[in-house]
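Structural overview
Chain residues, written in single-letter form:
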Amino acid sequence: AAPVRGRITLSGYEGSELLVARLLIESGADVRYVGTACGRTPWSALDREWLEAKGVRVQYRASLEQDLAAMSEFEPDLAIGTTPVVQAAKSRGIPALYFTNLISARP
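Description of the structure in this document. (Residues numbered from 1 in each chain as written. Predicted model: local features only at pLDDT ≥ 70, side-chain atom pairs only at ≥ 80, totals over all residues. Heavy atoms only, no water.)

1. Digging into the overall build of the chain
The condition is simple: In this text, helices come from DSSP runs of H or I with a minimum length of four residues, and strands from runs of E with a minimum of two, each type numbered from the N-terminal end. Using C-alpha atoms as the atom set, the radius of gyration is obtained and then compared with a globule rule of 2.2 Å times the number of residues to the power 0.38. Note on contacts: a residue pair is in contact if any heavy atoms of the two residues lie within 4.5 Å. Only four residue types enter the charge count, namely Lys and Arg as positive and Asp and Glu as negative; His and the chain termini do not. Think of each charge as sitting on NZ of Lys, CZ of Arg, CG of Asp or CD of Glu.
Per the secondary structure count, the chain includes 5 helices and 5 strands. For the chain, whose C-alpha radius of gyration is 13 Å, the value lies close to the compact-globule estimate of 13 Å for 107 residues. Taking the principal axes of the C-alpha coordinates as reference, the chain spans close to 35 × 35 × 30 Å. Taking contacts inside the chain between residues at least 6 apart in sequence as the whole, the part at least 24 apart equals 53%. With 12 positive and 12 negative side-chain charges, the chain shows a separation of 2 Å between the mean positions of the two kinds.

2. A look at the nonpolar core
Definition in use: Put simply, buried Ala, Val, Leu, Ile, Met, Phe, Trp, Tyr and Cys residues joined by side-chain atoms within 4.5 Å make one nonpolar core. A simple rule labels every residue: compare its accessible area, found with a 1.4 Å probe on the protein chains alone, to the largest value its type can have, and call it buried under 20%, exposed over 50%, or partly exposed in between.
Counting residues in hydrophobic clusters, the biggest one holds 16 residues, and the most contacted among them are Leu10, Leu24, Val31, Val34, Leu51 and Val56. Among the elements that line this core, the one with the most residues is helix 1 (residues 17–26), at 5 residues. Every residue in contact with Leu51, bar those within four places of it in the chain, is listed here: Leu18, Ala21, Arg22, Ile25, Val56 and Val58. Residues Val86, Ala88, Ala89 and Ala96 belong to the second largest nonpolar core, which totals 7 residues.

3. Comments concerning unusual backbone geometry
Only a minority of non-glycine residues have a phi that is not negative, and only a minority of peptide bonds are not trans. Positioned with a positive phi, Arg61 is a non-glycine residue whose angle comes to about 50°. Here Arg61 lies in the loop between strand 3 (57–59) and helix 3 (64–74). Notably, Glu75 is not glycine yet its phi reads approximately 45°, a positive angle. Along the chain, Glu75 falls in the loop between helix 3 and strand 4 (78–81). Judged by relative accessible area, Glu75 falls into the exposed class, the value being 58%.

4. Some details on the environment of Arg48
If you trace the backbone, Arg48 turns up in helix 2 (residues 45–53). Residues Arg48 and Val58 lie 10 residues apart in sequence; the distance between their C-alpha atoms is 6.8 Å. When sequence neighbours within four positions are dropped, the list of residues in contact with Arg48 reads Leu18, Arg40, Val58 and Tyr60.

5. Remarks on the sheet that holds strand 4
What counts is decided by this rule: At least two DSSP bridges between two strands are required for those strands to pair. As a rule, the C-alpha atoms of each element are fitted with a line to give its axis, helices using only the stretch in contact, and angles between N-to-C directions run from 0 to 180 degrees.
Overall, parallel pairing links the 5 strands, which are arranged 3-2-1-4-5 in an open sheet. The sheet is open, and its two borders are formed by strand 3 and strand 5 (96–98), each paired with just one other strand. Averaged over all adjacent pairs, the angle separating strand axes in this sheet is 15°, with direction ignored. Across 6 bridges, strand 1 (residues 7–12) lies against strand 2 (residues 30–36) in parallel orientation.

6. Brief notes about the pattern of salt bridges
Two side chains bearing opposite charge may form a pair once their charged atoms approach each other closely. This is how the line gets drawn: Whenever a carboxyl oxygen of Asp or Glu lies within 4 Å of a side-chain nitrogen of Lys or Arg, that contact is scored as a salt bridge.
Counting across every chain of the model gives 7 salt bridges. In this structure, the salt-bridge partner of Arg7 is Asp30, at a minimum N-O distance of 3.6 Å. Taken as a pair, Arg7 in strand 1 and Asp30 in strand 2 lie far apart in primary sequence, 23 residues in all. Its relative accessible area of 27% is what places Arg7 among the partly exposed residues. One salt bridge connects Glu52 with Arg48, and the closest N-O pair in it is separated by 3.0 Å. One end of the pair is Glu52 and the other is Arg48, both in helix 2 and 4 residues apart, which spans about a single turn. Relative accessible area serves as the criterion here: at 38%, Glu52 is assigned to the partly exposed category. Judged by its relative accessible area of 10%, Arg48 is buried.

Next comes the structure, spelled out in structure tokens:
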């Protein structure tokens, strides 16, 4: 009844980034990029395939440089990420949320 509207980039190191991105898309968000510090595993395969089928770029073992490049490329309405990603977004005037403290650590 109240879909999420807007373009989002998402990055983190918790291991739940792909799942969170999928939930955001299922809620109406336009997610273009998901970066995770984790490596590719069989357990993330279904979410990766689902996301890629929706046109999302999934980057395993993502570096800060890759996360920042995606933010520049996709010009999100909201950047969700690690502390340096959030700092960079805010310096560019892009609203941002900390993935670990505000999303991953809270039910």
